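One letter stands for each residue in the lines below.
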Amino acid sequence: MIVLHFTAMASTAESLARLCDPQAEVSCHYLIAPEGDVLPLVPEELRAWHAGGGAWGSTTDVNSRSIGIELQNDGRSPFGFAQMQALVALLADIRHRWAIPAERIIGHSDMAPLRKADPGARFDWRGLALAGQSVWPDPAPEPAADFRAAARAFGYPDLEEATLLAAFRLRFRPWATGPLEATDRALIADLAARFPVDAGRRWA
């Protein structure tokens, strides 16, 4: 899979220094600057330390099963056109080499919602999906009766409903607030039905 992050640091130089510092014990395969420059840091076939604790479907050691991409961003600002175009091109290239399906491109907040919020509410997941490098839900005719079960079928970790709802909304409905709604149930039902993470894990 591919895991997307933001650096939450002030500059590309600062992020690069940290990602290359052995004492920091953090690394990634690529860093993309706001100007669109793609900086390769760890060979794709090697393990990088970008994901940490968490899970996606049955995968609990995400670092060993993923390529990590850091986007230079302070965590509050929108992601610019050049940076997103560079990401789209990089994702297409990586997916071609490793045969990674679009649904296996996730955010750090998807696999570790108790710890992480990146790439954040300002990241354009829908635009990425329109470019063919991610997935986006359409409301299912029959909303999920069990939101938590459907979220887990899509890939989210085994956590409480409120935590999963927050992670789901951060990616797919960042403007939504309040308790679980019919729209949330309809969207997660579609994701679970079309993109079950572990070879058709049943949720209904």
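Residues numbered from 1 in each chain as written. Predicted model: local features only at pLDDT ≥ 70, side-chain atom pairs only at ≥ 80, totals over all residues. Heavy atoms only, no water.

Chemist: Provide a residue-level description of the packing of aromatic side chains, including the pertinent values.
Modeler: The tally for this structure, following the rule as stated, stands at nine aromatic pairs. Seen in terms of ring centroids, phenylalanine 147 and phenylalanine 168 are 5.6 Å apart; in terms of plane orientation they differ by 80 degrees. Their pairing is edge-to-face. In this pair, phenylalanine 147 is assigned in helix α5 (residues 147–154) and phenylalanine 168 in helix α6 (residues 161–172), connecting sequence segments 21 residues apart. Each member of the pair, phenylalanine 147 as well as phenylalanine 168, is classed as buried. Aromatic ring contacts, followed pair by pair, group Trp56, Trp136, Phe147, Phe154, Tyr156, Phe168 and Phe172 into a single cluster. Over the ring of tryptophan 49 we find arginine 47, and its NZ or CZ is 4.5 Å from the ring centre. For the cation-ring pair, arginine 171 lies above tryptophan 125, with the distance from its terminal atom to the ring centre recorded as 4.0 Å. (Phe/Tyr/Trp six-rings, centres within 6.5 Å; stacked < 30°, edge-to-face > 60°. Helix = DSSP H or I, 4+ residues; strand = E, 2+ residues; numbered from the N terminus. Buried < 20%, exposed > 50% of the residue type's maximum accessible area, 1.4 Å probe, protein only. Lys NZ or Arg CZ within 6 Å of the ring centre and 35° of its normal.)

Chemist: Break down the environment of glycine 57 for me, with residues and values.
Modeler: Within the element layout of this structure, glycine 57 appears in the loop between β3 (38–40) and β4 (67–71). Under the relative-accessibility criterion, glycine 57 is labelled buried at 18%.

Chemist: Account for the nonpolar core, naming residues and giving values.
Modeler: Within the largest apolar cluster, 31 residues are counted, with the highest numbers of intra-cluster contacts made by Phe154, Tyr156, Phe168, Ile188 and Leu191. Broken down by secondary-structure element, the contributors of at least two residues to this core are α5, α6 and α7 (182–194). Not counting residues up to four positions away in its chain, the partners in contact with tyrosine 156 are Trp56, Asp110, Ala151, Leu164, Ala167, Phe168, Arg171 and Phe172. The next biggest cluster of nonpolar side chains, apart from the first, holds 21 residues, and it includes Phe6, Ile67, Leu71 and Leu91. (Core = buried A, V, L, I, M, F, W, Y, C linked by side-chain atoms within 4.5 Å. Contact = heavy atoms within 4.5 Å.)

Chemist: I'd like to hear about the pairing of β4, residue by residue, with values.
Modeler: Looking along a regular strand, one sees side chains alternate from face to face of the sheet. With respect to burial, β4 is a largely interior element, five of its five residues being buried. Summarising the sheet, strand β1 (residues 2–6) and β4 pair through five bridges and their orientation is parallel. Within β4, the position partnered with isoleucine 2 by the bridge is isoleucine 67. Across three bridges, strand β2 (residues 30–32) lies against β4 in parallel orientation. Bridge assignment links isoleucine 32 to a residue of β4, and that residue is leucine 71. (Pairing = 2+ DSSP bridges.)

Chemist: Could you give an account of unusual backbone geometry, with specific residues and numbers?
Modeler: That bond from aspartate 118 to proline 119 is cis: its omega, 10 degrees, falls within 30 degrees of zero. Of note, glutamate 25 is a non-glycine position whose phi angle comes to about 55 degrees, a positive value. Note that glutamate 25 resides in the loop between α1 (12–19) and β2. Residue glutamate 25 is classed as exposed on the basis of its relative accessible area of 66%.

Chemist: Give me the lowdown on the packing of α5 against α6, citing residues and values where you can.
Modeler: Following both chains from N to C, one finds α5 and α6 inclined at 55 degrees, their axes separated by 10 Å at the closest point. Taken together, the axis directions place α5 and α6 in an arrangement best described as oblique. Crossing angle aside, the handedness with which α5 passes α6 is left-handed. In this structure, α5 uses Phe147, Arg148, Ala151, Arg152 and Phe154 to contact α6, whose residues at the interface are Glu161, Leu164, Leu165, Phe168 and Phe172. Within the contact of α5 with α6, the residues separate by chemical class into seven nonpolar, no polar and three charged. (Axes fitted to C-alpha atoms, helices over the stretch in contact; angles between N-to-C directions. Parallel < 35°, antiparallel > 145°, perpendicular 65-115°, else oblique. Left-handed = near helix turned anticlockwise from the far one by under 90°. Nonpolar A, V, L, I, M, F, W, Y, C, P; charged D, E, K, R; others polar.)

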